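Each chain is listed here by its residues.
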Amino acid sequence: MIVDSSRASRARITGLTASAAAVVVFVSACGGTGGGSASSPKNFSYLTNVENATVKTALGTLSKGACAAENKALPLKVDTVPQTSLDQKLQLLAGQNALPVQFAAGNAPALTDQLYKSGKIADLEKKLTDLGVYDQIEPSAVSTIKALYDGKLEVLPYEYNIEGIFYNKKIFSDNGLSVPATWDELVSAAAKLESKGIQPFSASGQQGWPITRLVSGYLYRSLGPDALRDVADGKAKLTDPAYVKAAQEVADLGKKGYFGKGVGSIDYDTSFNTFLTGKAAMLYMGSWALMNIADPEQDKIGAENVGFMPFPAVAGGKGSIDQYPSNVGLAMTLGDRTFDSKVGNWVKCIGTNYGSTALKDQGSISGFKANTPVKDPNELTAQVRKTIGDSKQNVLWFEALFSTKATTVSQTNAASLLSGSMSAANFMQTVQDALSSP
């Protein structure tokens, strides 16, 4: 999917973390105060992180086109802050009952949820239903949002990403490989590639999350879609044998050298470059990679030579191969106290037109339906869009329901899991300890 290619923008999708201290401050400031008295806004004010140009650009296009009438009644006004300052800004505005009409709701689901529970965020499912545009959100996007926010539609899917394995079709064809449908087939394909001097996988050990995503992928396929929800709810622990096995399976890939040398020092851009220059056969990534793949300056193997497959099935597993890990980027939402009829008109127009506008102008796949036909830049984008449209139930990523501390521990130790300097059991114990600590 196509989000900003800047490092900071990618971090908001992949890390989705926030300061634990920030949440405590926010709770203290806004605790049971609710949303405050209703207020008619003078502008369709929108606060987002400065690194994200995708959403504000699309809204700007709408304000001059399909939503011009709504913009005349309530002019779009965009304000930005660095992403590192976003949570602090939100706490300040929330404490003053001065949140804008629409805003990026925080760097982690936990902070967004606290805004909602303290009455700062509108009941978007009710609002969209009343406006007649709830059905303009893809069911898979609704499923993802509700999985993140305890069954509530607390944010809008201006961005929507599914994840899976991008692969080099030419390398596969030249080596007589078909698309692996099972984990065993994936491991077998990697072994064959390695034996021929071809690096099977590219990944950023520096980021960590491309590695932990493999662990959660295995967990979801082996234990089913509730695997990590059970950990969050205390029904299971990462130290349970079935969970450690998932980490061990991924560790074994590293032990066999399938990620090349020095994976711990590989940054995000280098991992992409390795794949897009044909030096590795596979790359686990989100659909935002479509932008990189469509850019001939980056993609030297050609978009026609890139395929996309789901994380493979695990023999005897309870999960389904069509349950894709997904996220909605940096969460965008609307304030409760400022949601009047003019805001409603804007939201109705967005619901009807945003999907097509973002796709046409920026190649950006959102969780809104594209009601106006838009020609895809390549077959791969068309495939991913169809996959998103057909998806009914998706799953989350490894750290989605973790605390900030556990997220950091998980991602900073992921490369050690692949290198063998940390055992699978020790890795899972370390993350579980972080989850269990205050």
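Residues numbered from 1 in each chain as written. Predicted model: local features only at pLDDT ≥ 70, side-chain atom pairs only at ≥ 80, totals over all residues. Heavy atoms only, no water.

### A closer look at the packing of aromatic side chains
Enumeration according to the criterion identifies 14 aromatic pairs in this entry. When the centroid spacing of 4.7 Å and the interplanar angle of 65 degrees are considered together, the rings of Tyr158 and Tyr354 count as edge-to-face. One end of the pair, Tyr158, is in the loop between helix 8 (139-148) and strand 4 (161-168); the other, Tyr354, is in helix 16 (residues 341-362), with 196 residues separating them in the sequence. In terms of burial, Tyr158 and Tyr354 fall into one category: buried. (Phe/Tyr/Trp six-rings, centres within 6.5 Å; stacked < 30°, edge-to-face > 60°. Helix = DSSP H or I, 4+ residues; strand = E, 2+ residues; numbered from the N terminus. Buried < 20%, exposed > 50% of the residue type's maximum accessible area, 1.4 Å probe, protein only.)

### Side note on helix 6 (residues 109-117)
Of all 9 residues making up helix 6, 7 are buried, and the element is well covered by its neighbours. Among the residues making up helix 6, those that are buried are Pro109, Leu111, Thr112, Asp113, Gln114, Leu115 and Tyr116. Positioned one or two residues after helix 6, Gly119 has a phi angle of 85 degrees, which is positive.

### Observations concerning the packing of helix 11 (residues 209-223) against helix 18 (residues 404-419)
To describe two helices that pack against each other, one gives the angle between their axes and the distance between the axes. Orientation of helix 11 relative to helix 18, taken along the N-to-C sense of each, is 80 degrees, at an axis distance of 8 Å. Overall, the two elements helix 11 and helix 18 adopt an arrangement that is roughly perpendicular. Two secondary-structure elements touch here, helix 11 through Trp209, Ile211, Thr212 and Val215 and helix 18 through Ser410, Gln411, Ala414, Ala415, Leu417 and Leu418. Within the contact of helix 11 with helix 18, the residues separate by chemical class into 7 nonpolar, 3 polar and no charged. (Axes fitted to C-alpha atoms, helices over the stretch in contact; angles between N-to-C directions. Parallel < 35°, antiparallel > 145°, perpendicular 65-115°, else oblique. Contact = heavy atoms within 4.5 Å. Nonpolar A, V, L, I, M, F, W, Y, C, P; charged D, E, K, R; others polar.)

### Thoughts on the confidence of the model for the chain
This prediction gives the chain a mean pLDDT of 89; 91% of its residues lie at or above 70. Within the model, pLDDT remains below 50 along residues 1-35, and this stretch shows 108 contacts once partners closer than five positions in the same chain are excluded. (pLDDT = per-residue confidence, 0-100.)

### Some details on the side chain of Asn49
In this structure, Asn49 sits in strand 1 (residues 44-49). Using a relative accessible area of 0% as the deciding quantity, one classes Asn49 as buried. Of the polar contacts made by the side chain of Asn49, one reaches the side chain of Thr48; its length is 3.1 Å. Among the polar contacts made by the side chain of Asn49, one reaches the side chain of Gln83 at a distance of 3.2 Å. (Polar contact = N/O pair within 3.5 Å; in protein donor to acceptor, adjacent residues only side chain to side chain.)

### Details of the pattern of salt bridges
This model, assessed by the stated rule, comprises 10 salt bridges. Note that Lys126 is salt-bridged to Asp130, the shortest N-O span being 2.9 Å. Taken together, the residues Lys126 and Asp130, both in helix 7 (residues 124-131) and 4 residues apart, mark about one turn of the helix. With relative accessibility at 55%, the residue Asp130 sits in the exposed group. (Salt bridge = Lys/Arg side-chain N within 4 Å of Asp/Glu carboxyl O.)

### Let's talk about the pairing of strand 7 (residues 306-309)
On strand 7, burial covers both faces: Val306 and Phe308 on one face and Gly307 and Met309 on the other are all buried. Pairing between strand 4 and strand 7: 4 bridges, direction antiparallel. Counted as the bridge partner of Tyr167 is Gly307 from strand 7. (Pairing = 2+ DSSP bridges.)

### Notes on the nonpolar core
With 134 residues, the main nonpolar core has Phe166, Met282 and Tyr354 as its most contacted residues. Broken down by element, the residue count for this core peaks at 8 residues, all from helix 16. Aside from chain neighbours lying at most four places away, what touches Met282 is Ile165, Phe166, Tyr167, Phe172, Leu186, Leu193, Pro200, Phe201, Ser202, Phe275 and Met309. (Core = buried A, V, L, I, M, F, W, Y, C linked by side-chain atoms within 4.5 Å.)

### Some words on the pairing of strand 4
Of all 8 residues in strand 4, 8 are buried, a share of seventy percent or more. By the bridge criterion, 2 bridges tie strand 4 to strand 8 (residues 326-327) in an arrangement that is antiparallel. For Ile162, the partnering residue across the bridge sits in strand 8 and is Ser326. With 5 bridges joining them, strand 4 and strand 6 (residues 280-286) adopt antiparallel strand pairing. Considered in strand 6, the bridge of Phe166 is made with Leu283.

### Here we look at the state of the cysteines
Counted according to the given criterion, the structure contains 1 disulfide. Here Cys67 connects covalently by a disulfide to Cys349, the sulfurs 2.0 Å from one another. Since a negative S-S torsion denotes a left-handed disulfide, the Cys67-Cys349 link at about -100 degrees is left-handed. Of the two residues, Cys67 sits in the loop between helix 3 (54-64) and helix 4 (68-73) while Cys349 sits in helix 16, which places them 282 residues apart along the sequence. Residue classification places Cys67 among the buried positions, given a relative accessible area of 0%. Note on Cys349: relative accessible area 6%, which makes it buried. (Disulfide = S-S within 2.5 Å.)

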